[in-house]
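Survey of secondary and tertiary structure
So you can see what is in the structure, the chains are spelled out below.
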Amino acid sequence: MVLSIFVVLLAWAWFSWPLPRYFHEGIPSSSQNVERGGVRTMMMGDHLQLLYHFQLVQDFISGRTPWFYNLYEFNTGDDDERYMPGSYYAPFSLPYVLFATLMSDAAAWNLVGLLTIWVTFIATLAYVRRFTPDLPEAAFLGALVSILLPYRWVSLLGGSPTGFAMMLPPLAALGLDGIVRTGRLRDGALAAVALFLSCWGDLHTFFFTTLSIPLWMGLAALDTNLLGRLRWRVIRTRVPAMVAAASGLLAAAVYRMVQDDQLAESEMGAGRTLREVLAFSPSIRGFWSWAASGLHSHIYLGLTAALILVGAAAVVVMRQGADRSRYTQRMITAFALVVTLAVLILALGMRGPFQGLAPRILRVMIPPYTMVRQTAKIFVVLPTLLALLSVLTIDHFKHRFRLRRWPGVAVMVGLLAVLALAEYKAQVRTTVCLLDPEQEAYAAVARDAKQRAETPRALVLPIWPGEAAQASVYQFHALQYGIRLVNGYSPRVSRDYLETVFEPLQVVNQGMLTDSEIDRLASMGVRYLILHEDMFPEQVSPFPVTLTRDRLMGHARLTRLARDGPVWSFRIKDTPREPPSLMRRPSVRFPTRQIRFEHLGAPEDRESDITCAGHGYLALREGGQAAVAGRPWGIAPKDDLAWYVRVRGQGTLKARTVWNGKPLDASLGEVSSDDWTWIALPLATLPGYGAVQGVFRATDGTLDADVGLLIAGDWSSELAREEVRTFEAADFFHAGYSEWETQEVVFRPEREPDGAIFYGPRLPLEPGRYRLAWEIHSDAPAGTELGRVNVRQDDVDEGGWVFVRAGEPFEIRWEQPHSLPVNWVFVYHRTGAMRIGRLTLERE
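Heads up: these notes are all about the structure in this document. Because the structure is a prediction, the values reported are computed rather than measured.

What about the overall build of the protein?
In terms of regular secondary structure, the protein is built from 23 helices and 28 strands. Against the 2.2 N^0.38 benchmark of 28 Å for 844 residues, the protein shows a C-alpha radius of gyration of 31 Å, consistent with a compact globule. Evaluated residue by residue, the protein yields a buried proportion of 59% over its 844 residues. Here the contacts in the protein between residues at least 6 apart in sequence split such that 76% fall between residues at least 24 apart.

Notes on the nonpolar core
Grouped together as the largest cluster of nonpolar side chains are 172 residues, with contacts concentrated most on Phe-379 and Leu-459. No other element matches helix α4 (residues 105-129), which puts 13 residues into this core. The contacts of Phe-379, once residues within four sequence positions are left out, are Leu-149, Tyr-151, Met-166, Phe-287, His-298, Ile-299, Leu-301, Val-343, Leu-344 and Ala-347.

Structural notes on the sheet that holds strand β22 (residues 756-764)
Within the open sheet, the five strands sit side by side as β19-β22-β27-β24-β25. Their pairing is antiparallel. The open sheet terminates on both sides in strands that have one partner only, identified here as β19 (733-734) and β25 (802-805).

Quick look at the packing of helix α9 (residues 185-201) against helix α10 (residues 203-211)
Relative orientation of the contacting elements α9 and α10 amounts to 145°, with a least axis distance of 6 Å. The handedness of the crossing between α9 and α10 comes out as left-handed. Seen from α9, the contacting residues are Leu-195, Ser-198 and Cys-199; seen from α10, they are Leu-203, Thr-205, Phe-206, Thr-209 and Thr-210.

Section: the side chain of Ser-212
By the element assignment, Ser-212 lies in the loop between α10 and α11 (213-224). The exposure class of Ser-212 is buried, given its relative accessible area of 6%. Here the side chain of Ser-212 touches Thr-209 through a polar contact of 2.7 Å, landing on its backbone oxygen.

Structural notes on helix α5 (residues 136-148)
With 13 residues, α5 ought to run about 18 Å at 1.5 Å a step, and its terminal C-alpha atoms sit 18 Å apart, in line with that. With 11 of 13 residues buried, α5 lies mostly within the body of the structure.

Points about the pattern of salt bridges
In the structure shown here, the tally under the stated rule is 41 salt bridges. With its nearest N and O atoms 3.4 Å apart, the salt bridge here joins Asp-609 to Arg-648. Pair noted here: Asp-609 is in the loop between β11 (606-608) and β12 (616-621) and Arg-648 is in strand β15 (residues 641-659), with a separation of 39 residues, a long-range link. Where Glu-844 meets Arg-813, a salt bridge forms, and the shortest distance between an N and an O atom there is 2.5 Å. Separated by 31 residues along the polypeptide, Glu-844 in the segment after β28 (834-843) and Arg-813 in strand β26 (residues 810-816) bring together distant segments of the chain. Of the residues examined, Glu-844 reaches a relative accessible area of 34% and is grouped as partly exposed. Exposure remark for Arg-813: the relative accessible area of 43% places this residue in the partly exposed category. Shared partners join several salt bridges into a network, and the residues in it are Arg-130, Asp-177, Arg-181, Arg-184, Asp-187 and Asp-223.

Analysis parameters
- Residues numbered from 1 in each chain as written.
- Predicted model: local features only at pLDDT ≥ 70, side-chain atom pairs only at ≥ 80, totals over all residues.
- Heavy atoms only, no water.
- Helix = DSSP H or I, 4+ residues; strand = E, 2+ residues; numbered from the N terminus.
- Rg over C-alpha atoms; globule rule 2.2 N^0.38 Å.
- Buried < 20%, exposed > 50% of the residue type's maximum accessible area, 1.4 Å probe, protein only.
- Contact = heavy atoms within 4.5 Å.
- Core = buried A, V, L, I, M, F, W, Y, C linked by side-chain atoms within 4.5 Å.
- Pairing = 2+ DSSP bridges.
- Axes fitted to C-alpha atoms, helices over the stretch in contact; angles between N-to-C directions.
- Left-handed = near helix turned anticlockwise from the far one by under 90°.
- Polar contact = N/O pair within 3.5 Å; in protein donor to acceptor, adjacent residues only side chain to side chain.
- Expected span 1.5 Å × (residues − 1).
- Salt bridge = Lys/Arg side-chain N within 4 Å of Asp/Glu carboxyl O.

Function cannot be inferred from these measures alone, as they are strictly geometric.
Have a look at this one:
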């Protein structure tokens, strides 16, 4: 027991490093680190979502929140609708609550994770020893391999409940095995508890553990020759244990049926489509590819597992000579090996043999299999199988080659253990998410509501359909301060939420808050808005976050309560302020939406040209086919919207805006140039928020169209030599936060990612040589490399990096070869805090 604790503690510390350094301040967020130093504050993800549910149980027990009321997400005004009885991951959340009464939230989380690994080790050790009771060192190796397999760490460190629940399959195997061997009631009870807890802990684990019941019982039956001595007396002695196990399975099934009633109302109710499954199916290269990333790395087996599988195969095919006593062991090994190979095939999903034939068949034979999207989840049973195969293989080799336990078996076990530790550790690079002890913007909402004797209810921007990881940060702070949010984060989102909440309110992402949206929010009791400036990707708005911020700051019905870093909070006033504030209006808003004409129109009208954005253009001819921009974009009304199009030729370009399928007034632009030129075509006034498309055609003459932008404001690609253009840093696409008074953008190394977190303008400039001076301030030691910048033509990264150093003036010069959109990209190195002020552009 002491040795197992010591081994597990060392394995956990090594594999999860640097987590032990931040045991009381942070929780793991990923097993595949891409952060400098492996640590960052408040990273969004599944870890925060699961922590939210653990803390919600803590609230239930403390009395802060009524039992089974999930009040702080998807709350549309009626708290009774948020009564959601369920397990709330009780096998792990209850120990978390116990530990959290004695230590920090982060420490409690980490201790629960460590506990699940130890339970896995002990259960696997006990299970495999039943097959080789006289070879404890081999059993120890098997248990070690079971806790080192990378998939466990991918799930556990990524905050998936699967990572915690992976302790339950070996417990179920232990109990089911005992039912067959001895029929003891305690084995039946163990199996029942493991099956029921897996149902409470993680649906995938429950599903695959249930499917594996015949496997564990079949292996035990082979080992004990139960079928050869099957008599009523033997069956009768095992009935109580079997009933106990069946009762646990039945209780779990009833619980799942109740939960599936909620699932039927969600977007997942009809099951996962084959297209979804394909998107989450790993490549077979993931089994061995050292450089695999993303979901492909989840199934890494490497040399360690390969040696175990090859050894097991050798056991099956090896000639036994005169020794027939090992026949049963060969049968067990063959059975376990075949099942293991089936698990590997199913893990590949739609990328498996014959285009996913195996999962296709199972989806028909076992209807619940249609709910499986992440096919690698079947790996929850693989560690126990590999542990068993390793033990059986070593035991067979010991007898086949007459090896002594020392040094023969000991060396074999030691080499495999060292290989597993080294190889699998190389696949695990832990990222730690430090937890915020406070967030003043959320705290201000709670204080203001308390002063007004109101229940704090808020909408957080950007609002997502409900499946976005960004909302996990919202959840954390909402529970922290008891704020009921319209937003939420769940894999199961009701259609009603999408239709009555998300779709009508997504316009607020762009800062538009008309009486209609205010009335809808009021009907839900929502009196507050919260904006996360640093979690505002391009898909939520056609312009950078600053437009949303400016509109909220200038709104007559909003009062700013607080800003803490990138988080802004506002209260919705009952009446407009007098006089109304004027919204800040820079000369142009940088675009996110772009039209590539070489992909539109008739194929015969598409031509190649390396001076174009996509190395091609579309020829528009009078009377010819129109170019219809692809998928419509959700656009809020603005009085200075325009299509900005790169064209050449002789004729007239007609741009018609289509709003929610309804054609609006068209704009005309005269073109008379054999060289590429840019023309602005104002959009018709939009009746309101809606899906917008552009339809372009030549009304006379012939025109070549390259690329189009949706801009707001006034921009000219021409820049005279004596002309100077200045840009405020806040108007760029950025992470970090902006200062309202100075429009600077601030980056803090403990919070911002190591990557491209500041860029723009994505607007065109005519060919020529340019100089761009940056105002950069930092308290880092002089000469510290804060980051690097390059200039991209049409956002194509061709290198040419220039490093930004603290205490040194910074500017970049470049030659603009074509009149394409230019993008200045800053990659932050997280080596020091810094501010970016104005950027000044000149033509040389």
